[in-house]
Amino acid sequence: MLSKHTKIDHQGKFTASILFVPHYCNCHKEMDFQGGEWTWDILPVFAGMNGTAIENFVCVIFNVSFMNCTWHVGRTASGDTQYFLYWKNSWKEDFTGCQNYIRDNCGRHTGCRFQNVTIENKKAHFLVNGSRNGQNIQPYEKKIILYKIEKLTPPLNVTVNCTEASHHCEIRWQPPRTSHVKKPSCFKYEVVIENKGRNITGNSYKFESFSAKKRYSVKIRAIDNGCLVSPSWGEWSTPVEFGKEQLTSTSSYTLFLIPVLAATLMLFLFAGSIYLKKTSATVPQPRDPFHELSPMDFQTECKNQLIKHETEEITVIES
């Protein structure tokens with residue numbers, strides 16, 4: 001449906017409005033011409049039943065270009081209520097519906113996942129409406145400046161270089177990844193060492209209290225520094241350890257390899273000993289040719305030989 005009207009107020013100001021009613025939602029879109037500029041707005045056509053509109057609508061942008069929007073089902077909405085989300089990133093664009101819904105146990109839409117989201121310094125428009133057995137549901141509308149809901153990624157490439165003689169360490173990093181900010185000066189950082197934080201501008205920090213006999217850990221996160229950046233702290237970087245047990249890549253590899261080789265050798269020896277026990281026979285000790293038999297030893301030896309001879313003879317007769 002399309003309608004339009006014009007009017008001139010008491011100050012002689014010209015206003016024109018064009019009203020669009022999309023077929024996919026219970027809403028209309030109004031375009032106004034005021035003071036030489038066209039503006040757009042969304043207004044619900046049907047109020048719907050009280051308490052059926054969604055609640056707690058929240059959107060978050062993460063990993064530069066992904067966005068999740070979630071909401072709670074209305075207080076008076078029944079189990080057969082279904083919701084639909086439409087949005088646009090600027091007034092120049094048309095509304096598009098969600099392509100990847102999040103569902104609850106009843107199959108109702110309770111969120112939407114977006115990809116390839118581009119952040120602009122403009123308000124994005126969100127509209128969530130629904131239906132229930134042909135009855136209208138209260139629509140929900142919200143306008144959001146996207147950069148304010150971005151969860152900043154961690155600062156990149158955190159490195160630590162320590163000098164024992166001067167008792168200080170140089171900590172360096174690079175800004176977090178974003179789709180709309182390129183200036184490093186747009187960020188400030190919180191650097192935490194040994195659970196003590198300090199706010200830093202720039203991409204480096206000199207840690208003056210370094211002791212080679214101690215072990216340290218550093219992590220960093222970013223926030224806005226007067227640009228169009230999220231006013232909330234971003235994600236922490238992976239902790240980087242340095243100090244007493246700090247190792248170069250070669251020495252770390254060597255210390256890792258030594259226990260592995262030792263464990264492998266012990267396993268090999270253990271398996272070999274079990275194998276030898278199972279397969280080897282008892283080997284009699286050889287007679288010492290240089291040991292002279294005493295008269296007593298000689299008599300004992302003869303007696304043993306006689307017994308052995310008699311035993312062998314008896315064995316032959318029985319066979």
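In this report, the structure presented in the accompanying data block is examined. Everything numeric here is computed off the predicted structure, so don't read it as measured data. (Residues numbered from 1 in each chain as written. Predicted model: local features only at pLDDT ≥ 70, side-chain atom pairs only at ≥ 80, totals over all residues. Heavy atoms only, no water.)

Quick look at the sheet that holds strand S10 (residues 109-114)
So the rule is basically this: Two strands qualify as a pair provided that DSSP identifies no fewer than 2 bridges between them. A run of DSSP states H or I qualifies as a helix once it reaches four residues; a run of E qualifies as a strand once it reaches two. Both are numbered from the N-terminal end. Axis definition: a line fitted to C-alpha atoms, limited for helices to the stretch in contact. Angles are taken between N-to-C directions and run from 0 to 180 degrees.
With antiparallel pairing, the 4 strands of this open sheet are ordered in space as S5-S6-S10-S9. With one partner strand each, in any of the chains shown, strand S5 (55-62) and strand S9 (101-103) form the two edges of the open sheet. Pairwise comparison of adjacent strand axes, ignoring direction, gives a mean angle of 20° for this sheet. Pairing geometry for S9 and S10, over 3 bridges, is antiparallel. Opposite Ile102, over in S10, you have Gly111 as the bridge partner.

Notes on the state of the cysteines
Note the threshold: Pairs of cysteine sulfur atoms within 2.5 Å are what we label disulfides. The buried label goes to any residue with under 20% of its type's maximum accessible area, the exposed label to any with over 50%, and the partly exposed label to all in between, with areas taken from a 1.4 Å probe on protein chains only.
Here the structure, examined in full by the defined rule, presents 4 disulfides. The partner cysteine of Cys98 in its disulfide is Cys112, sulfur to sulfur 1.9 Å. Negative torsions about the S-S bond denote left-handed disulfides, and the value of about 100° found for Cys98 with Cys112 makes this one right-handed. Within this pair, whereas Cys98 is found in the loop between strand S8 (96-97) and S9, its partner Cys112 is found in strand S10, the two being separated by 14 residues in sequence. The pair Cys98 / Cys112 is uniform in exposure class, with both members buried. Across a sulfur-sulfur distance of 2.1 Å, Cys162 and Cys169 are joined as a disulfide pair.

Some words on the sheet that holds strand S19 (residues 215-224)
The sheet built from 4 strands is open, its strands ordered S17-S16-S19-S20 with antiparallel pairing. For this open sheet the edge positions go to strand S17 (196-201) and strand S20 (240-243), each flanked by a neighbour on one side alone. The average angle at which neighbouring strand axes cross in this sheet is 30°, direction not considered.

Quick word on the environment of Tyr140
Within the secondary structure layout, Tyr140 lies in strand S13 (residues 140-145). Overall, the relative accessible area of 21% leaves Tyr140 in the partly exposed class. In sequence terms Tyr140 and Ala53 are 87 residues apart; their C-alpha atoms lie 6.1 Å from each other.

Brief notes about the pattern of salt bridges
In a structure, side chains of opposite charge can pair up when their charged atoms sit close to one another. Cut-off, in case you're wondering: We define a salt bridge as a side-chain nitrogen of Lys or Arg found within 4 Å of a carboxyl oxygen belonging to Asp or Glu.
Scanning the model with the defined rule gives 5 salt bridges in all. Among the ionic pairs, Arg108 bridges to Asp104, the shortest N-O distance being 3.0 Å. Two residues, Arg221 and Glu190, come together in a salt bridge whose shortest N-O distance is 2.7 Å. With Arg221 in strand S19 and Glu190 in strand S16 (residues 187-193), the pair connects residues that are 31 residues apart, well separated along the chain.

Concerning the packing of aromatic side chains
For the record, the criterion: Planes of paired rings set the category: under 30 degrees apart is stacked, over 60 is edge-to-face and the rest tilted, where pairs are Phe, Tyr or Trp rings (Trp by its six-membered ring) whose centres lie within 6.5 Å. Criterion for a charge above a ring: Lys NZ or Arg CZ within 6 Å of the ring centre, and within 35 degrees of the ring normal.
The tally for this structure, following the rule as stated, stands at 12 aromatic pairs. Here Phe57 and Trp71 contribute two aromatic rings whose centre-to-centre distance is 6.1 Å and whose plane-to-plane angle is 20°, an arrangement assigned as stacked. Within this pair, whereas Phe57 is found in strand S5, its partner Trp71 is found in strand S6 (residues 66-72), the two being separated by 14 residues in sequence. Considered together, Phe57 and Trp71 belong to a single accessibility category, that of buried residues. Residues Phe57 and Phe126 carry aromatic rings whose centres are separated by 5.6 Å and whose planes lie at 55° to one another, so their mutual orientation is tilted. Within this pair, whereas Phe57 is found in strand S5, its partner Phe126 is found in strand S11 (residues 123-132), the two being separated by 69 residues in sequence. Judged on exposure class, the residue Phe57 and its partner Phe126 are both buried. Members of the aromatic cluster, connected to one another through ring pairs, are Phe57, Trp71, Trp87, Phe114, Phe126 and Tyr140. Directly above the aromatic system of Trp236 lies the positively charged group of Lys219, at a separation of 4.5 Å from the ring centroid.

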